[in-house]
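Single-letter residue listing:
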Amino acid sequence: MLRSPPTLLLALVTSGCLSSKIEAFCDGLGPCGETVASTGGASTTDDSSSSSSSDTTGGSTTSGTTSTDEQTSSGGMTTETGADDASTTGTTTAPPSVCGDNVVEADEECDDGDLIPDNGCSDTCTADIRAFVSSTTYKAGELMSITLADALCFNHALNAGLPEPLRFKAFLSDSKTDARDRFKGRGRILLMNGVVFADSWSTLLAGNLHGPLEVTEKSETYHGPVWTGTNPDGTAVPNATHCADWSSNSPVDYAYYGYSDEITEEWLLADQLDNPVECLAPLAIYCFETS
Ligand SMILES: [Ca+2]
Ligand SMILES: [Ca+2]
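Treat the numbers as computed from the prediction; the structure is a model and nothing was measured.

Cut-offs applied
Residues numbered from 1 in each chain as written. Chains lettered and ligands numbered in written order. Predicted model: local features only at pLDDT ≥ 70, side-chain atom pairs only at ≥ 80, totals over all residues. Helix = DSSP H or I, 4+ residues; strand = E, 2+ residues; numbered from the N terminus. Buried ≥ 20, exposed ≤ 12 C-beta atoms within 10 Å, placed from the backbone. Contact = placed C-beta atoms within 7 Å. Core = buried A, V, L, I, M, F, W, Y, C linked by C-beta atoms within 7 Å. pLDDT = per-residue confidence, 0-100. Expected span 1.5 Å × (residues − 1). Arc of directions from axis to C-beta.

Draft legend 1. Spotlight on the overall build of the protein chain. Regarding its fold elements, the protein chain presents 4 helices and 9 strands. Helices and strands appear in the protein chain in the N-to-C order α-β-α-β-β-β-α-β-α-β-β-β-β. Buried positions account for 35% of the 291 residues belonging to the protein chain. Taking the intrachain contacts of the protein chain between residues at least 6 apart in sequence as the baseline, contacts between residues at least 24 apart amount to 66%.

Spelled out as C-alpha cells, the structure:
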C-alpha cells in the first residue's frame with residue numbers, strides 16, 4: 001500500500017538524482033516561450049476602400065491608407081509636413097513592448113509598472129503562478145472527471161479565500177488529455193506560503209523543483225499520495241484507465257499517483273509496487289493556476 005508519512009520524509013531527504021531525460025514542457029507547445037510577432041497586417045478596417053494607390057508612382061512610398069481624414073492621396077506627399085497627416089503608415093512596425101510601463105502589451109503576461117522581479121509580476125513581465133495540494137482527499141471516482149476536478153480546485157481556492165479562485169485547475173491527465181496541455185504561463189510557480197516551487201513550467205516538467213509541492217491551499221502541510229495519472233514530463237501515463245477517467249470507484253480498477261513530499265520525478269509518478277493504486281484509495285490532487 002501507500003507509504004506512511006515517516007517513510008516519505010526519509011525518502012525526501014535521501015532522494016537525489018533528477019531525471020534528465022525528460023523533455024522540456026515548452027518544446028512542444030506554442031504559447032510557452034515564443035514572442036508574439038505583431039504582424040502589423042490588417043488594421044484599419046474602416047472605409048479604407050482598398051486605398052488603391054498601389055500604382056507606386058515611381059517609388060515615392062505611397063503614403064496610402066489612413067483615410068481617417070480626407071487628404072485623398074494628394075500624390076505629392078510633402079516630406080514631413082504637419083503632425084497628424086499620413087506620415088509613417090505603410091508597414092507599421094509596432095514599437096517593442098516595454099516592461100514596467102504599467103501597460104500589458106502583446107508578449108507580456110502582466111505589467112505592474114515596476115521592474116521588481118518577485119512581487120507577482122517579474123522584471124520580464126511574466127506572471128507568477130500559484131499552486132497547492134488539496135487539503136482533503138478523494139477517491140478517484142469522486143473526482144468524476146478532469147473538468148469536475150477543476151471545480152474541486154476552485155472550491156478549495158474559494159474556501160481558502162484565495163484571489164481569483166477560478167484560475168485554479170487540477171493537474172490531472174486522462175485517456176485523452178495530457179495534464180501539461182491544460183496549463184499556460186511563463187512565470188515562476190509558487191506555493192501558497194510564498195516559497196518558489198519551480199522557475200517555470202518548462203523547468204518544472206524537466207525535473208527541476210526547488211522543493212516539494214506539499215503546501216495546501218490553507219498553507220498547511222500535506223505529506224502523502226496525490227492522484228496524477230501523469231508522467232514526470234506532464235504527459236498521461238499510457239495504457240492506463242485512470243479509473244475510467246476519474247469516474248470509477250471500482251475495486252478492480254486503478255490510477256497512478258505521485259507523492260507530495262517528493263522533489264524527484266516521484267512527485268508525479270511514485271516508484272511503488274502499488275502504483276497504480278486502486279480507485280478507492282483516498283488521495284489528494286494538485287491544483288495549479290493557469291493564465
Ligand atoms: Ca508593458
Ligand atoms: Ca514587478
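Draft legend 2. Molecular detail of the nonpolar core. Ranked by internal contacts, the top residues of the largest apolar core, which has 53 residues, are A131, I285 and C287. Every residue in contact with I285, bar those within four places of it in the chain, is listed here: S134, Y138, A149, L152, A170, L172, V226 and W227.

Draft legend 3. Quick peek at unusual backbone geometry. Looking along the chain, the bond that leaves N275 and enters P276 is cis, with omega of 15°. Considering the arrangement of structural elements, one finds P276 in the loop between strand 7 (257–259) and strand 8 (277–278). Of note in the backbone geometry, N102 takes a positive phi value of approximately 70° without being a glycine. Here N102 is to be found in the loop between helix 1 (5–14) and strand 1 (129–133). Phi is positive for N239, which is not a glycine, with a value near 55°.

Draft legend 4. Representation of the confidence of the model for the protein chain in the model. Of all residues in the protein chain, 69% attain a pLDDT of 70 or more, and the chain-wide mean is 78. Long-range and interchain partners of residues 5–88, a stretch whose pLDDT sits below 50, account for 84 contacts in this model, where long-range means more than four residues apart.

Draft legend 5. Structural context of the environment of T290. Relative to the assigned elements, T290 resides in the segment after strand 9 (284–289). Spatially, the C-alpha atom of T290 lies 6.5 Å from that of G185, the residues being 105 residues apart in sequence. T290 has contacts with R167, K169, F183, K184 and G185, leaving out every residue within four places of it along the chain.

Draft legend 6. Layout of helix 2 (residues 146–159). With 14 residues, helix 2 ought to run about 20 Å at 1.5 Å a step, and its terminal C-alpha atoms sit 20 Å apart, in line with that. Along helix 2, the residues classified as buried are I146, A149, D150, L152, C153, H156 and A157. For helix 2, the arc enclosing every buried residue in end-on projection is 155°, short of the 170-degree limit, so these residues lie on one face. Contact partners of the buried residues in helix 2: strand 2 (168–170), helix 4 (242–246) and strand 9. Two residues or fewer after helix 2 comes G161, characterised by a positive phi angle close to 75°.

Draft legend 7. How the structure looks around the environment of S135. Inspection of the secondary structure puts S135 in the loop between strand 1 and helix 2. Assessed through the 17 C-beta atoms surrounding it within 10 Å, S135 is described here as partly exposed. Along the chain, S135 and T221 lie 86 residues apart, while their C-alpha atoms are 8.3 Å from each other.

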